[in-house]
Amino acid sequence: MAVKWAGLSPELLLALDRTRPEPLRVQLEGALRDAIRSGRLQHGERLPSSREMARELGVSRGLVQDCYVQLQAEGYLSTQVGSATRVSGAAQDAVSPQPKKKKTTPKLDVDFRPGVPDLSSFPRNDWLWATREALRDAPNALFDYGDPRGSADLRGVLAAYLRRVRGAAADPERTVVCTGFAQGLSLTLAALAGTGVHRVAFETPGYGDDDTTAAATRAGMEPVAVPVDERGVDVEALAASGARAVVLTPAHQSPTGVVLAAERRQALVAWAEQHDATILEDDYDAEFRYDREPVGALQGLCPDRVALLGTVSKSLAPVVRLGWMLCPPSLIAAIAAEKEGSDRGSPGLDQLAMARLIESGRYDRHLRRMRAVYAKRREVLVESLARHAPGIRLTGLAAGFHAVAHLPDGVDEQAVIAAARERSIGLHGMSEQRAGGATTPPQLVLGFGNVNERAIATGIAAIADLLQGKMTA
């Protein structure tokens, strides 16, 4: 589909060579034909006005008009009274090969994809307000390259917010703004690799063979898997792994939904002290707990050993691309240097808008509203399973926007997923988040963040027999 260029006259790069024997009109006609045949100019795309084209090329307007008339006669261009000159579709269709049809994935009626917030609930008006406020007050110096750690304004606001809400030991000078968890993880692992750390542990289930563990490989480190049980990461297994760093989600383990037990928290800090190790705390889903207040960040217990990584990808939307790191004192300089070498800093205007959003209380208000939305959706999921598939056990804290459904022993997890897709229902197995992709025990990670209440009830009803191991058509 051609872009509908706005403005008086879109620019177009064409070159005329006055040293060549061909007349300029012939050169211009040939250049436009080639641009249309090659697809550089698309069907329906508007050309510059004859006056503007003449000015850009340093030729007479009459020459350009004659060129346009000739190409119109040949079928390359089309004009209408009172309208701009455009590329004719017939000419391009005749000379352009038909593109191969891409394989399309059938659209699902309901997709229980985990890790996706309610995209329709992004606070657009609040973000617009915050952006206007940021632009209105932004000093001219802001439009230059800034501190690679991020806006001092946002770092100060984030530090105060994380102290208040997450019980973190937050210092603006040791806070680095990044584009989200993925970049924060990569920067921290690169800094750790520079200190001689060669092995990093990841929770399983949690971080399967995906981009997260691949970040360790890119940093020149060996990723190893350590198991998670009903009390969180197994610290004894971690100690036996030989790792000097671990990435984990203690507040609301992803995907099992368990919280790291108090004695495990203490044991984890002791492990870090004894092994000169670093804990990378992924503060996943920490904002969303419905049964009681969430536990504080592990970083507050041991700020010298814990790097806290947070993001607004779940609280607002992934498109915002903003996150943060509270860095241990020993790593802040290296992480800031990695950030500067990576991209010289995250977008400054978005950082100021985020600072305004938090300072104004609008961010807190949005989170309170979304807690109520997600709590209701989780309630509908529990009720739907109880009504349509009463034998299915659902586990995980009353938090976040996913839960784990335990299928009957012997049920083929992948077969259930495939059969559900035939009914236009998207399911996602725990195997996707296990190191090695093990499919037993059979479990599903049911995300309900971006699925409304009616769709949750409809979706569960449509696959109730599959969940119970009744693989009927």
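Since we're looking at a predicted model, the values are computed, not measured.

Criteria and cut-off values
Residues numbered from 1 in each chain as written. Predicted model: local features only at pLDDT ≥ 70, side-chain atom pairs only at ≥ 80, totals over all residues. Heavy atoms only, no water. Helix = DSSP H or I, 4+ residues; strand = E, 2+ residues; numbered from the N terminus. Buried < 20%, exposed > 50% of the residue type's maximum accessible area, 1.4 Å probe, protein only. Contact = heavy atoms within 4.5 Å. Areas by Shrake-Rupley, 256 points an atom, 1.4 Å probe, with all protein chains shown as cover. Pairing = 2+ DSSP bridges. Axes fitted to C-alpha atoms, helices over the stretch in contact; angles between N-to-C directions. Phe/Tyr/Trp six-rings, centres within 6.5 Å; stacked < 30°, edge-to-face > 60°. Lys NZ or Arg CZ within 6 Å of the ring centre and 35° of its normal. Core = buried A, V, L, I, M, F, W, Y, C linked by side-chain atoms within 4.5 Å. Polar contact = N/O pair within 3.5 Å; in protein donor to acceptor, adjacent residues only side chain to side chain. Disulfide = S-S within 2.5 Å. Parallel < 35°, antiparallel > 145°, perpendicular 65-115°, else oblique. Left-handed = near helix turned anticlockwise from the far one by under 90°. Nonpolar A, V, L, I, M, F, W, Y, C, P; charged D, E, K, R; others polar. Right-handed = clockwise from strand over helix to strand, strands pointing away.

In this section: the overall build of the chain. When helices and strands are counted, the chain shows 15 helices and 15 strands. Considering only C-alpha atoms, the chain reaches an extent of 85 × 60 × 40 Å along its principal axes. Counting the 473 residues in the chain, one finds 51% classified as buried. Put simply, 75% of the contacts in the chain that link residues at least 6 apart link residues at least 24 apart. By element, 52% of the accessible surface of the chain is carried by carbon and sulfur atoms, the whole surface being about 22400 Å².

Next up on the list: the sheet that holds strand β13 (residues 402-406). Either a parallel or an antiparallel arrangement is found when strands of a sheet pair, and the pairing is made through backbone hydrogen bonds. One open sheet holds the three strands; their spatial order is β12-β13-β15, and the pairing between them is antiparallel. Strands at the two margins of the open sheet, each flanked by one partner only, are β12 (393-395) and β15 (443-447). Across the sheet, the mean angle from the axis of one strand to that of its neighbour is 30°, orientation sign disregarded. The sheet contact formed by β12 and β13 spans three bridges and is antiparallel. Bridging from a neighbouring strand, Leu394 pairs with Ala405 of β13. Here helix α13 (residues 362-388) sits on the sheet and contacts β12, β13 and β15; the angle it forms with β12, its principal contact strand, is near 160°.

Applying the stated criterion across every chain, the model contains seven aromatic pairs. A ring pair is formed by Phe181 and Tyr207, whose centres lie 6.4 Å apart and whose planes are at 20°; its orientation type is stacked. Here Phe181 is found in helix α7 (residues 181-194), whereas its partner Tyr207 is found in the loop between β5 (199-204) and α8 (211-218), with 26 residues between them in sequence. Just as Phe181 is buried, Tyr207 falls in that class too. By relative accessible area, Tyr207 is classed as buried at 7%. Three or more aromatic residues joined by ring pairs form one cluster here, namely Phe181, Phe202 and Tyr207. Positioned over the ring face of Tyr145 is Arg344, at 3.9 Å from the centre of the ring.

Turning our attention to the sheet that holds strand β4 (residues 175-178). What the eight strands build is an open sheet, ordered β4-β11-β10-β9-β8-β5-β6-β7; its pairing is mixed. With one partner strand each, in any of the chains shown, β4 and β7 (232-233) form the two edges of the open sheet. The pairing of β5 with strand β6 (residues 222-229) spans six bridges and is parallel. Directly across from Phe202, in β6, lies its bridge partner Ala225.

Next up on the list: the nonpolar core. Judged by nonpolar contacts, the single largest core of 60 residues is most densely connected at Leu316, Met354, Tyr363, Leu427, Leu444 and Leu467. When neighbours within four sequence positions are excluded, Leu427 is seen to be in contact with Phe112, Val416, Ile417, Ala420, Leu444, Leu446, Ile463 and Leu467. Membership of the second largest hydrophobic core comes to 25 residues, among which are Leu192, Ala216, Ala307 and Leu309.

Let us look at the environment of Asp111. Here Asp111 is to be found in strand β3 (residues 110-111). On a C-alpha basis, the gap between Asp111 and Ile417 in space is 11 Å, while along the polypeptide they are 306 residues apart. Among residues more than four places away in sequence, those in contact with Asp111 are Gly426, His428, Gly447 and Val451. A polar side-chain atom of Asp111 sits 2.8 Å from a polar atom in the side chain of His428.

With that out of the way, let us pick up the side chain of Glu29. By the element assignment, Glu29 lies in helix α1 (residues 24-37). In this structure Glu29 comes out as buried when scored by relative accessible area, which is 8%. Contacts of Glu29, omitting those with residues within four sequence positions, involve Cys67, Gln70 and Leu71.

Before going further, it helps to spend a moment on the state of the cysteines. Scanning the entire structure with this criterion turns up zero disulfides. For Cys302, which is in no disulfide, the shortest distance to another cysteine sulfur is to Cys327 and amounts to 15 Å. Residue Cys302 is classed as buried on the basis of its relative accessible area of 6%.

Moving on: the packing of α7 against α8. Two numbers describe how α7 lies on α8: the axes approach to 9 Å, and their chain directions differ by 25°. By the criterion of interaxial angle, the relationship of α7 to α8 is roughly parallel. Judged by the sense of rotation from one axis to the other, the crossing of α7 with α8 is right-handed. On the side of α7, the interface is formed by Phe181, Leu185, Ser186 and Leu189, while α8 contributes Thr212, Ala215, Ala216 and Arg218. Residue classes in the contact of α7 with α8 are distributed as five nonpolar, two polar and one charged.

Burial of strand β8 (residues 245-248) is two-sided: the residues Ala245 and Val247 facing one way and the residues Val246 and Leu248 facing the other way are all buried. Two strands pair when backbone bridges link them, and β5 and β8 are joined in this way by two bridges, in the parallel orientation. Paired with Ala201 across the two strands is Val246, which belongs to β8. Where β8 meets strand β9 (residues 278-282), four bridges bridge the pair, whose relative direction is parallel. Its bridge partner lying in β9, Leu248 is registered against Glu281. Viewed along the sheet, the connection from β8 through helix α10 (residues 262-274) into β9 turns out right-handed.

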